[in-house]
Amino acid sequence: MFSTGAVRCPGCGASGGGLTLSGAEGFCQPPTDKGFFQPDYHILECTSCGLLCRSPTLSDEELSAYYSSLESGHWEYPTLNPPERQISALIASLPQGSNILDFGCSSGRLLKPWVNQHRCFGFEINGAAAEKAAERGLVMLTEETLWSEHENQFHMVILVDVFEHLRHPAELLRRLWSLISPGGCLVVGTGNGDHWACRLDPAQFWYFRNLEHLCMLTHKYAVYLEKELAGAGKSWVTLSHYDVPWHARMRLHVAHAAYWIVQYSPEPVRMVLSWLPGFRKAARWNNAPNYGCCKDHVVFTVKKPSVEVS
Ligand SMILES: [Zn+2]
């Protein structure tokens, strides 16, 4: 906890200002003998900056081994999801020939449709995914070329499904901010830590039941970031991560409601509910069901001033 003074907030470096929101038992991912084990954990909220984060997390070495164990197509989806479509609308508003960087671009599917209208750059640490992105027409940058040759160069820098993996998000965003040209913008698509379903019990929320998700953005943290970066305006649009058909959405709503009704009921009522059809299964669940049909994601943008503020 930050309140012990032993751990600093990974979002702003503050100590002594953390709240423990909730805790949960550890889990294995994938749930096999060969899975990676996330020990019992708490979700903390920094009272200074508002970032939500998990404590403890796996070490950098363990996370690196976990990422290396994933197949190259792990992050590949056949179509753009709602946050990516929202970002595509932002790209469509840029003048032709703009410089766009997708940081953590995976196989480059977000910028693929734009390679003939704009100058599309990508950065990706997974070799196989980077190769695919290059085949799709993105100019792939290395760690060295990215930071040394592109200061004030990009009209838009995008991070989709990257923020939540970062150990110290503000550090990276500050570096990326320096690559954005005056009047350009930073676009972050990630989990929405303010959604009520998350706030019911953040440690149980599906987003934090992924061991690679170390933190969640909140609107308070977005305000903190805009101030830190000296931005000239921001936007905050919440939406679902996935397109979920209506019948699947109904099932998720019912399962989610059943689980939380059981959880919030006093023990005698819970006993009765555990015999009723509809609640019987929910009463046996150890963890909240995945509630991936709510507006659990956000596309957050910050604009850089047109004239550099000294
Ligand atoms: Zn903080």
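Residues numbered from 1 in each chain as written. Predicted model: local features only at pLDDT ≥ 70, side-chain atom pairs only at ≥ 80, totals over all residues. Heavy atoms only, no water.

**Focus on the sheet that holds strand S11 (residues 215–216)**
- What the four strands build is an open sheet, ordered S1-S4-S5-S11; its pairing is antiparallel. Lying at the two open borders of the sheet, with one neighbouring strand each, are strand S1 (18–24) and S11. (Pairing = 2+ DSSP bridges. Helix = DSSP H or I, 4+ residues; strand = E, 2+ residues; numbered from the N terminus.)

**Topic: the domain arrangement of the chain**
- Here the chain is described as being made up of domain 1 (2–69), domain 2 (82–241 + 298–303) and domain 3 (246–284).
- Relative placement of domain 1 and domain 2: their C-alpha centres are 22 Å apart.
- Counting residues at the interface gives 32 residues for domain 1 and 27 residues for domain 2.
- Both faces combined, the contact of domain 1 with domain 2 buries some 2,300 Å², and carbon together with sulfur accounts for 54% of it. (Domains from an automatic or database assignment. Contact = heavy atoms within 4.5 Å. Buried area = accessible area lost by both parts, 1.4 Å probe.)

**Side note on the packing of aromatic side chains**
- Evaluated as defined, the whole model comprises 11 aromatic pairs.
- Relative to Tyr 66, the ring of Phe 36 lies with its centre 5.5 Å away and its plane at 85 degrees, an arrangement referred to as edge-to-face. Linking Phe 36 in strand S3 (residues 36–38) with Tyr 66 in helix H1 (residues 60–69), this pair joins segments that are 30 residues apart in sequence.
- Assessed through its relative accessible area of 2%, Tyr 66 is described here as buried.
- Feature note: the residues Phe 36, Tyr 66 and Tyr 67 constitute an aromatic cluster, connected by ring pairs. (Phe/Tyr/Trp six-rings, centres within 6.5 Å; stacked < 30°, edge-to-face > 60°. Buried < 20%, exposed > 50% of the residue type's maximum accessible area, 1.4 Å probe, protein only.)

**Thoughts on the side chain of Gln 204**
- Position of Gln 204 relative to the elements: it lies in the loop between helix H6 (196–200) and S11.
- Leaving out residues up to four positions away in the same chain, Gln 204 has contacts with Ala 24, Arg 209, Tyr 259, Trp 260, Asn 286, Asn 287 and Ala 288.

**A closer look at the environment of Ile 261**
- Among the secondary structure elements, Ile 261 is positioned in helix H8 (residues 246–264).
- For Ile 261, a relative accessible area of 41% translates into the label partly exposed.
- Taking the C-alpha atoms as reference, Ile 261 lies 9.2 Å from Leu 273; in sequence the two are 12 residues apart.

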